[in-house]
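# Structural overview for review
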Amino acid sequence: MRCDSAESHRKFHAPRHGHMGFLPHKRSKKHRGKVRSWPRDDPSRPVHLTAFLGYKAGMTHTLREVHRTGLKQSKREEVEAVSIIETPPVVVVGVVGYIKTVRGLRSLKTVFAEHLSDECKRRFYKNWHKSKKKAFTKYCKKWQDETGKKQLDKDFHHMKKYCSVIRVIVHSQMRLLPIKQKKAHVMEIQLNGGTVADKVDWAKEHLEQAVPVGAVFSQNEMIDVIGVTKGHGFKGVTSRWHTKKLPRKTHKGLRKVACIGAWHPARVSYTIARAGQKGFHHRTEINKKIYRIGKGVHIQDGKVMRNNASTNYDTTQKTVTPLGGFPHYGEVNNDFIMLKGCVVGVKKRILTLRKSLIEHTSRKSQEEIELKFIDTTSKFGHGRFQTAQEKRAFMGPLKKDKLKKLTEPLTVED
């Protein structure tokens, strides 16, 4: 077999390392995931929010029976990893109306609510402590005098008449979370369903009202998670692009790319793997299935209900928080969403949960989820006990419990 010397070729097939679709690999400008496209509006449906804010708490695992037609695994038990995202209700504090122009959408009118909480106002300041805290003090008077009310009614009327897209301004409630930060996260969420007038009326009714996650998403729904990945700082090519390490005896290091391009063109192409920032990138992950929308710790018939991790098969009264709390997070006492698999970012990171952009028809997406068991053992070490009562029953009285009794202050009766 004759080899033609006019045309050279590489000896081994080697696909490129890393995806070019995610360039540039640089740090995200914002911590909060930005929604770059919203679901298509359907006027036949009732008015609803299309996104929500949540905070990553951690992961655990569940046991369930698979009910999917034509699957070998069907009617068998399966253990699956799930992520817990804490989603306290968001508060609606404003309405924005957009009109369509040849250059895209342009905001026509923005109306804020009369009362804004301090955690929301903190978002408008760099240094809340040193500021005079005067934000919205003059604006809120619009809601009190007649001329102001007329102006607001006029603004709402203009929105109904001219706008084609209505979005509400919402903020998260940081005081309900086990996070040190006091400054709330604020975002615009698009309203879909109904006519423009219906949307404006819905937004007007819900000003200063809290909207729970159960009003936005439902059980078994497929959603998208938008957030910023875990940061890893400045990394070399081996870690950043997963290129092959050079042989051991290589001069001046082996975690390198041997050839960064030909003599001509006399420059380094952007497709060559180079060292630089790894992680803290903005990412949108689609098709995450909701396994459970859990209610937070609440009072029902005079009793404190802590049973959001109980199932029909495992009736133990327990919350989704594992023994000792979620590592690097704490306790989940508010409403939460349980998603199949992992989500981007570190613990405590703000995540934007968005309704899916596509209609789901696959068997996987339509499958009904019924959990048999949710694991609540300690995630810090080799957890053995599901609840504190179970641990006490097994371990018996401990030395620390005796010491605790001794140090307790004496009451008046004693």
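For the structure itself, consult the block above.
Our subject in this report is the structure included herewith. Within each chain, residue numbers correspond to sequence positions counted from 1 in written order. At least 70 in pLDDT is required for a residue's local features to be given in this predicted model, at least 80 for side-chain atom pairs to be given and counted, and no such filter applies to totals for whole chains, interfaces and linings, which use all residues. Derived side-chain values reflect all non-hydrogen atoms in the structure, with water molecules and hydrogen atoms excluded from consideration.

### A few points about the environment of T284
Put simply, the test is: To qualify as a helix, a DSSP run of H or I must reach at least 4 residues; to qualify as a strand, a run of E must reach at least 2; elements of each kind are numbered from the N terminus. Only heavy atoms enter the contact rule, under which two residues are in contact if any of them lie within 4.5 Å.
Within the secondary structure, T284 sits in strand β12 (residues 282-294). In sequence terms T284 and P409 are 125 residues apart; their C-alpha atoms lie 54 Å from each other. Once you skip the residues sitting within four places of it in the chain, T284 turns out to touch V225, I226 and R354.

### Describing a positive patch on the surface
Heads up, the condition is: For patch building, the residue pool is restricted to those with more than 30% relative accessible area and no salt bridge; the joining distance is 9 Å between like charges and 5 Å between nonpolar side chains (Val, Leu, Ile, Met, Phe, Trp, Tyr). Using a 1.4 Å probe, accessible areas were evaluated by the Shrake-Rupley method; residue-level cover was limited to the displayed protein chains. Salt bridge criterion: a side-chain nitrogen from Lys or Arg within 4 Å of a carboxyl oxygen from Asp or Glu. For the charge count, each Lys or Arg is scored as positive and each Asp or Glu as negative, with His and the chain ends excluded. Positions of charges follow a simple convention, taking NZ of Lys, CZ of Arg, CG of Asp or CD of Glu. Each residue is assigned to one of three classes by its accessible area relative to the maximum for its type, calculated with a 1.4 Å probe on protein chains only: buried under 20%, partly exposed between the two thresholds, exposed over 50%.
A cluster of basic residues, K26, K29, K30, K34, R36, R123 and K126, forms a positive patch at the surface. Within the secondary structure, R36 is located in the segment before β1 (48-49). When its relative accessible area of 65% is taken as the criterion, R36 is described as exposed.

### Notes on the nonpolar core
What tends to happen in soluble globular proteins is that the nonpolar side chains get buried as a cluster. Threshold: The term nonpolar core refers to a set of buried residues drawn from Ala, Val, Leu, Ile, Met, Phe, Trp, Tyr and Cys, joined through side-chain atoms within 4.5 Å.
V168, F217 and M338 are the most contacted members of the largest nonpolar core, which totals 74 residues. A total of eight residues in this core trace back to one element, the largest contributor, which is strand β4 (residues 90-101). Leaving out residues up to four positions away in the same chain, V168 has contacts with L49, V92, G94, V95, M187, E188, I189, L191, W202 and A203.

### Remarks on the pattern of salt bridges
Considering all chains together, one arrives at 16 salt bridges under this definition. Two residues, E367 and R64, come together in a salt bridge whose shortest N-O distance is 2.9 Å. Here R64 lies in strand β2 (residues 51-65) and E367 lies in the loop between α5 (363-366) and β17 (371-374), a separation of 303 residues in the sequence. Residue R64 is classed as buried on the basis of its relative accessible area of 1%. Note that E285 and K288 form a salt bridge whose closest N and O atoms lie 3.5 Å from each other. Through salt bridges with shared partners, a single network forms among R64, R68, E80, K340 and E367.

### Some details on the pairing of β12
Each regular strand displays side chains that alternate between the two surfaces of the sheet. Heads up, the rule is: Strand pairing follows a simple DSSP-based rule, namely that at least 2 bridges must link the two strands.
Relative to β12, strand β9 (residues 222-228) runs antiparallel, the two sharing six bridges. In the sheet register, I223 faces β12, and the bridge partner there is K288. The pairing of β12 with strand β15 (residues 336-340) spans four bridges and is classified as antiparallel. By the bridge assignment, R292 is partnered in β15 with M338.

### Considerations on the environment of R306
For R306, the position within the fold is in the loop between β14 (303-305) and β15. A residue is classified by how much of its surface remains accessible, and R306, at 45% relative accessible area, is partly exposed. Here the alpha-carbon distance between R306 and T352, two residues 46 residues apart in the chain, equals 26 Å. Once residues within four sequence positions are removed from consideration, R306 is found in contact with V297, Q317, K318 and T319.

### Quick notes on the packing of aromatic side chains
Note the following rule: Classification of ring pairs uses Phe, Tyr and Trp, with its six-membered ring standing for Trp, and accepts pairs whose centres are within 6.5 Å; under 30 degrees between planes counts as stacked, over 60 as edge-to-face, and the remaining range as tilted. Here, a charge over a ring is recorded when the distance from Lys NZ or Arg CZ to the ring centre is within 6 Å and its angle to the ring normal is within 35 degrees.
For the structure shown, the criterion picks out six aromatic pairs. Between the aromatic rings of F112 and Y139, the centroid separation amounts to 6.2 Å while the plane-to-plane angle is 90 degrees, which identifies the pairing as edge-to-face. With F112 in strand β5 (residues 104-112) and Y139 in the loop between α1 (118-121) and α2 (146-162), the pair connects residues that are 27 residues apart, well separated along the chain. The exposure class of F112 is buried, given its relative accessible area of 16%. Pairing Y125 with W128 gives two aromatic rings, centres 5.5 Å apart and planes at 70 degrees, and the pair type is edge-to-face. Take Y125 and W128: they sit in the same class, and that class is buried. Here the aromatic cluster, defined as three or more aromatic residues joined through ring pairs, consists of F112, F124, F136 and Y139. When the ring centre of F280 is taken as reference, the NZ or CZ atom of R27 above it lies at 4.5 Å. The residue whose ring lies beneath K372 is Y313, and the NZ or CZ to ring-centre distance is 5.0 Å.

### Section: unusual backbone geometry
Look at the link from L23 to P24: it is a cis peptide, with omega at -5 degrees. Take P24: it is sitting in the segment before β1. Residue P265 follows H264 across a cis peptide bond; omega there is 0 degrees. Along the polypeptide, P265 turns up in the loop between α4 (237-241) and β11 (276-278). Positive phi, close to 55 degrees, is recorded for F280, a residue that is not glycine. Looking at where F280 falls in the secondary structure, it is placed in the loop between β11 and β12. Look at F280 and you get buried, because its relative accessible area is 7%. Positioned with a positive phi, N287 is a non-glycine residue whose angle comes to about 60 degrees. Within the secondary structure, N287 sits in strand β12. For N287, a relative accessible area of 33% translates into the label partly exposed.

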